[in-house]
Amino acid sequence: MLLGLPISQDCTMNGDAFNEIQNKTCEVNFNRTSRNPIDYKYGPRSGVIGYFNNDTWPDIAVANYDADNVAIYFGYGNGTFTSSVLYETGSDSAPCMVAVADFDNDGRTDIAVANFGINSISLLFGTENGSFVSRTPLSTASSRPIFVYASDLNNDTAVDIVTVNYGTHSISVFYGYGNGAFSEPDSYSTGYDSFPLAVVSGDFNNDHKIDLAIANYGTNTVWILFGTGIGTFVNQAVLSTNLNSHPYSIAVGHLNDDNMLDIAVTNYGNKNVGVFLGHGNGTFLDQMTYLVDPSSPYAIGIGDFNKDSLMDIVVTSNDTDNIAVFLGYGNGTFAKPKPYSTESSSSISVAIGDLNKDNRLDIVVINNDTGSISILLGYDEGFPDQMAFSAGSWSIDVVIGDFNNNKQLDVIVTNNYDNTVSILLGYGNGSFANQITFSTGNSPWGAAIGDFNNDTILDIVIANSRNKSVSILLGYGNGSFASQMTFSTYTFPWGVAVGNFNKDITLDIFVTNSADNNVSVLLGYGNGSFAYQGTYSKGS
């Protein structure tokens with residue numbers, strides 16, 4: 001689930017007026033290009049886009065439910081991303097949702113994580129180099145948070161946190177002090193057996209105070225809690241999403257260009273999207289529905305995907321291997337959905353942003369059945385279909401670079417079961433040549449690149465997880481590489497990083513040894529070989 005909206009359609013409207021509007025909608029055509037999947041097996045549940053290392057390029061944070069961590073992917077500004085940097089959220093924490101904001105007013109983006117397993121909210125505070133430090137988590141007492149949302153709810157310029165709570169059928173509001181600390185929670189019941197799943201905020205009655213809208217899966221309703229501006233909420237309104245609709249996700253936006261906020265929900269049970277057009281006084285028109293059948297919609301997001309200045313909707317779904325985009329007509333109605341493949345039958349979260357800085361909105365989708373992230377880069381008239389490129393067996397890590405010096409980005413992939421690394425040379429149009437493979441050590445895992453022999457040509461370092469070593473493959477500058485040289489590490493090396501650690505103008509290597517809970521440092525000689533400098537202890 002992620003904030004934003006999808007809308008599906010088999011609009012319950014008819015008549016010539018609708019047909020006339022529909023005929024005027026921009027046609028959507030698609031250029032076939034590659035998708036940039038980020039594959040891993042950590043049980044991803046939620047993703048969000050943010051700017052974590054102050055380079056103006058969008059990054060991604062993902063909550064990994066099965067692995068009890070949050071993964072950070074730093075963007076290159078062209079729609080591709082680095083390997084993940086992981087931050088633990090605690091044993092059995094089961095993080096299921098992430099939200100980003102500046103919680104301590106230092107100008108850097110921080111992360112809040114809903115830990116379903118241990119009834120808490122983890123807080124990760126950003127530093128100037130893109131790393132994060134954790135502070136004491138916020139307790140949700142007996143409630144299991146399944147959704148977390150960040151916004152300034154009481155107009156004090158400090159960001160607050162709202163959680164949606166499983167088991168207690170409630171939401172909790174933690175008011176921020178602007179220094180990274182928060183108040184004890186104020187809780188609001190959402191009703192008996194309501195099973196709330198998502199919350200968003202907005203000024204629904206134009207009183208310049210922030211209100212909350214909550215999707216209640218169990219009671220087939222959307223609740224509106226009206227804000228007082230002083231840290232409390234009163235006078236709920238209830239919107240019906242119809243019998244057995246089970247609203248799963250919710251988003252707000254201006255769907256009919258009248259400057260009054262509207263609401264859209266995914267109705268998982270009835271396989272449709274519901275749209276409530278706002279009057280601007282806290283009341284709404286009856287729900288209009290747009291069919292998504294045969295799939296059941298999960299997450300929803302709103303944005304202008306075809307650059308016609310009208311709001312569109314994207315929805316993720318269950319049981320079909322695609323997401324759907326609904327182009328808006330600007331009057332609160334939408335065209336029939338256009339599907340885009342994710343190769344996943346359970347896409348449960350969506351985030352929207354301009355990932356490659358081309359002034360077009362892109363889409364990030366979390367696929368929990370395949371354990372992957374799908375990235376769809378937008379074009380003026382929609383999103384390209386994905387292309388698949390073969391790599392080896394059990395591909396683990398991916399790194400981007402120009403390995404044949406043609407100013408086009410190429411891809412390397414570590415293949416854990418094949419003991420190889422694959423090189424896919426890019427054509428510069430989003431497609432790639434067939435893979436070329438090079439031998440590594442036993443069970444290659446993490447990879448990194450750099451010029452290790454000072455010939456201005458990129459080389460590769462790979463952590464061989466099962467034979468206590470890293471492999472160095474020196475590049476020839478034409479997309480091929482010399483046979484590997486190996487250098488010893490400790491047990492189960494997984495991650496590698498490259499930098500000049502001793503200020504001698506030659507690159508060195510930093511290796512994480514997962515089984516020994518330590519790190520190895522290999523100092524480079526500048527000719528492609530390395531000296532073993534030693535190990536340093538780290539946390540378990």
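Residues numbered from 1 in each chain as written. Predicted model: local features only at pLDDT ≥ 70, side-chain atom pairs only at ≥ 80, totals over all residues. Heavy atoms only, no water.

You'll find the chain entered in an unreviewed UniProt entry as VCBS repeat-containing protein, with Rotaria socialis given as the organism.

With that settled, consider the overall build of the chain. Helices and strands together make up the secondary structure of the chain, namely one helix and 40 strands. Out of the 540 residues belonging to the chain, those deemed buried represent 57%. For the chain, contacts bridging at least 24 residues in sequence account for 44% of all contacts bridging at least 6. Roughly 21300 Å² of accessible area belongs to the chain as shown, and the carbon and sulfur atoms make up 49% of that amount. (Helix = DSSP H or I, 4+ residues; strand = E, 2+ residues; numbered from the N terminus. Buried < 20%, exposed > 50% of the residue type's maximum accessible area, 1.4 Å probe, protein only. Contact = heavy atoms within 4.5 Å. Areas by Shrake-Rupley, 256 points an atom, 1.4 Å probe, with all protein chains shown as cover.)

Here we come to the confidence of the model for the chain. With 89% of its residues at a pLDDT of 70 or more, the chain shows a mean pLDDT of 86. Between residues 1-25, whose pLDDT stays under 50, and residues either more than four places distant or in other chains, the model counts 92 contacts. For the stretch residues 27-41, pLDDT sits under 50, and the model shows 61 contacts to residues farther than four places along the chain or on other chains. (pLDDT = per-residue confidence, 0-100.)

The sheet built from four strands is open, its strands ordered β10-β11-β12-β13 with antiparallel pairing. On the outer flanks of this sheet lie β10 (144-151) and β13 (186-189), each paired with one strand and no other. The sheet shows a mean angle of 20° between the axes of neighbouring strands, direction not considered. Pairing of strand β12 (residues 170-174) with β13 involves four bridges; the strand directions are antiparallel. What sits directly across from Val-173, in β13, is Asp-186. (Pairing = 2+ DSSP bridges. Axes fitted to C-alpha atoms, helices over the stretch in contact; angles between N-to-C directions.)

This paragraph deals with the pattern of salt bridges. With the rule as written, the count across this model stands at four salt bridges. A salt bridge links Arg-108 to Asp-106, with the nearest nitrogen and oxygen atoms 3.5 Å apart. Judged by its relative accessible area of 31%, Asp-106 falls in the partly exposed class. Taking the shortest distance from any N to any O, the salt bridge between Asp-358 and Arg-360 comes out at 3.4 Å. (Salt bridge = Lys/Arg side-chain N within 4 Å of Asp/Glu carboxyl O.)

Looking now at the sheet that holds strand β5 (residues 85-88). The pairing of strands in a sheet happens through backbone hydrogen bonds and is either parallel or antiparallel. Pairing is antiparallel in the open sheet, where four strands are placed in the order β2-β3-β4-β5. Single-partner strands in this sheet number two, and they are β2 (44-50) and β5. On average, adjacent strands in this sheet sit at an angle of 20° to one another, irrespective of strand direction. Of the pairings in the sheet, the one linking β2 to strand β3 (residues 59-64) comprises six bridges and is antiparallel in character.

Turning to unusual backbone geometry, a few remarks are in order. Its identity as a non-glycine residue notwithstanding, Thr-56 has a phi of 70°, on the positive side. Locating Thr-56 in the fold gives a position in the loop between β2 and β3. Take Thr-56: its relative accessible area is 48%, and that puts it in the partly exposed class. Residues other than glycine seldom take positive phi values, yet Asp-193 does so here, at roughly 55°. Position of Asp-193 relative to the elements: it lies in the loop between β13 and β14 (196-202).

Moving on to the packing of aromatic side chains. Throughout the structure, instances matching the rule amount to 19 aromatic pairs. Ring geometry for Tyr-248 and Tyr-268: centres 5.8 Å apart, planes at 35°, overall tilted. Pair noted here: Tyr-248 is in strand β18 (residues 247-253) and Tyr-268 is in the loop between β19 (262-267) and β20 (272-276), with a separation of 20 residues, a long-range link. Each residue in the set Tyr-217, Tyr-248, Tyr-268 and Tyr-298 is aromatic and connected to the rest through ring pairs, giving one cluster. Arg-45 extends its terminal NZ or CZ atom over the ring of Tyr-65, reaching a point 3.9 Å from the ring centre. The ring of Phe-125 is capped by Arg-135, whose NZ or CZ atom sits 3.9 Å from the centre of that ring. (Phe/Tyr/Trp six-rings, centres within 6.5 Å; stacked < 30°, edge-to-face > 60°. Lys NZ or Arg CZ within 6 Å of the ring centre and 35° of its normal.)

On to the nonpolar core, then. Counting residues in hydrophobic clusters, the biggest one holds 69 residues, and the most contacted among them are Phe-103, Ile-161, Ile-224, Ile-250 and Ile-263. Contacts of Ile-161, omitting those with residues within four sequence positions, involve Phe-103, Ala-112, Leu-123, Leu-138, Val-148, Tyr-149, Ser-172, Val-173, Phe-174 and Phe-182. (Core = buried A, V, L, I, M, F, W, Y, C linked by side-chain atoms within 4.5 Å.)

Here the focus is the pairing of strand β31 (residues 420-424). Judged by how many residues are buried, β31 sits mostly within the fold: five of five residues are covered. Inspection of the sheet shows strand β30 (residues 410-415) paired to β31 by five bridges, in the antiparallel sense. Each bridged residue has a counterpart across the sheet, and for Asn-415 the counterpart in β31 is Thr-420. Count of turn residues in the β30/β31 antiparallel hairpin: four residues, of which Asn-419 carries a positive phi of about 55°. The pairing of β31 with strand β32 (residues 436-439) spans four bridges and is classified as antiparallel. In the strand pairing of β32, Thr-420 is matched with Ser-439.

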